[in-house]
Amino acid sequence: MSSHQILFVTLVRHGETIANKTRTVQGQADGCLTKLGELQAQRLGKRLADKHFDAILCSDLLRTRQTAACVMKFRPFQNVYLESLIRERAAGVLEGRPYGTQEKLAKAAGISSRKYAPEGGESWEDVRTRATKFGEKLFETFLGRRENNAASRGRLGESASKINLLIVSHGGFIKEFVNQWCRGPRMYPNAARNTSVYQFYVKYRPGSATPYVEMINENDIAHLEGWKCTEPDQEEACSVSLENLNIDNILWTDMFTGFQKQPVSQM
């Protein structure tokens, strides 16, 4: 049996927002879910209702907090930890502009769209840097810093254990998390659908100090398939209350450092 912990990450995008509907850039502005987005998030909550999560992390922007509030209706006694590292790409002066504006400006300036940063905003490479920092922070907190596999034996004995996390974030961040930690032959596109589910296994291989990340589910909206919203006001702003969102102001890195789960064989 393996002697190290396994991290199972469920990473989801927020529900539809007004800016998504109008195809305008939100960046880090506090965009609000539409009524459709609220219903999408509720269906996501039902899908995840019987899943156990040891910790729930959420971007601190309004649309992700609203999405988390819908999900948490089905798990009202669990706390949520806010994390600014998993925000959407900051668009600066391009907030409120049509989709594709950044690409046009980058081309006009003779700069790669990945390296182009609008005034007051971030480039995609900046977001990838954040995704790198967040991943390192996440893996060290829940898996520990591994110089070699003997370190894991010291903490956990000879049993393997699985830690389950839920993370509520944004399409742009998801794109760069995949680009950084699940490197493929081509850059991963910014294609995450509203409330789509991505799932990853993270573990340390014997003798390796670098975590191995495998994406096992990608852009999954099974909870929306066969469903059609019939609400007449589905394009209007939602009325999601954040009162049931139990925000824990303790830093999650402090709360969960050294965290250990029961062995997999006992779960």
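Right, let's walk through the structure included here. (Residues numbered from 1 in each chain as written. Predicted model: local features only at pLDDT ≥ 70, side-chain atom pairs only at ≥ 80, totals over all residues. Heavy atoms only, no water.)

Brief notes about the nonpolar core
Buried together is how nonpolar side chains tend to be arranged in soluble globular proteins.
Stage number 1. Core analysis: the largest hydrophobic core is formed by 32 residues, its most contacted members being Leu7, Phe134 and Leu138.
Stage number 2. Mapped onto this core, the elements with two or more residues apiece are strand S1 (5-13), strand S2 (55-58), helix H5 (124-143), strand S4 (161-169), helix H7 (171-181), strand S5 (197-204) and helix H8 (252-256).
Stage number 3. Top element by residues in this core is H5. It accounts for six residues.
Stage number 4. Setting aside chain neighbours within four positions, we find phenylalanine 134 in contact with Leu57, Glu83, Leu85, Ile86, Ile167, Phe173, Phe177 and Trp252.
Stage number 5. One finds Val12, Leu44, Ala68 and Leu166 within the second-largest nonpolar core, a separate group that totals 22 residues. (Core = buried A, V, L, I, M, F, W, Y, C linked by side-chain atoms within 4.5 Å. Buried < 20%, exposed > 50% of the residue type's maximum accessible area, 1.4 Å probe, protein only. Helix = DSSP H or I, 4+ residues; strand = E, 2+ residues; numbered from the N terminus. Contact = heavy atoms within 4.5 Å.)

Some remarks on the pattern of salt bridges
Stage number 1. Tallied over the full model, the rule gives seven salt bridges.
Stage number 2. Here glutamate 83 and lysine 137 are joined by a salt bridge, their closest N and O atoms 2.9 Å apart. In this pair, glutamate 83 is assigned in the loop between strand S3 (81-82) and helix H4 (101-109) and lysine 137 in helix H5, connecting sequence segments 54 residues apart.
Stage number 3. Across the pair glutamate 176 and lysine 175 runs a salt bridge, and its minimum N-O distance is 3.8 Å. Neither glutamate 176 nor lysine 175 differs from the other in exposure class; each is buried.
Stage number 4. One connected set of salt bridges, linked through shared partners, spans Arg114, Lys175 and Glu176. (Salt bridge = Lys/Arg side-chain N within 4 Å of Asp/Glu carboxyl O.)

Focus: the packing of H5 against H7
Stage number 1. Two elements in contact, H5 and H7, have axes separated by 8 Å at closest approach and are oriented at 70 degrees. Classified by the angle their axes make, H5 and H7 are roughly perpendicular. Note on packing geometry: the crossing formed by H5 with H7 is right-handed. Touching Trp124, Val127, Arg128, Arg130, Ala131, Thr132, Phe134, Gly135, Glu136 and Phe139 of H5 are Gly172, Phe173, Lys175, Glu176, Phe177, Asn179, Gln180 and Trp181, all from H7.
Stage number 2. In terms of residue class, the contact of H5 with H7 is built from eight nonpolar, five polar and five charged. (Axes fitted to C-alpha atoms, helices over the stretch in contact; angles between N-to-C directions. Parallel < 35°, antiparallel > 145°, perpendicular 65-115°, else oblique. Left-handed = near helix turned anticlockwise from the far one by under 90°. Nonpolar A, V, L, I, M, F, W, Y, C, P; charged D, E, K, R; others polar.)

Re the environment of glutamine 5
Stage number 1. Mapping glutamine 5 onto the fold places it in strand S1.
Stage number 2. Overall, glutamine 5 belongs to the buried group, its relative accessible area being 0%.
Stage number 3. The spatial distance from the C-alpha of glutamine 5 to the C-alpha of phenylalanine 142 is 8.3 Å, given a sequence separation of 137 residues.

Section: helix H3 (residues 62-72)
Stage number 1. Across the eleven residues that make up H3, a large majority, eleven, are buried.
Stage number 2. Taken together, the buried positions of H3 are occupied by Leu62, Arg63, Thr64, Arg65, Gln66, Thr67, Ala68, Ala69, Cys70, Val71 and Met72.
Stage number 3. Buried-residue contacts for H3 involve S1, helix H2 (35-48), S2, S3 and S4.

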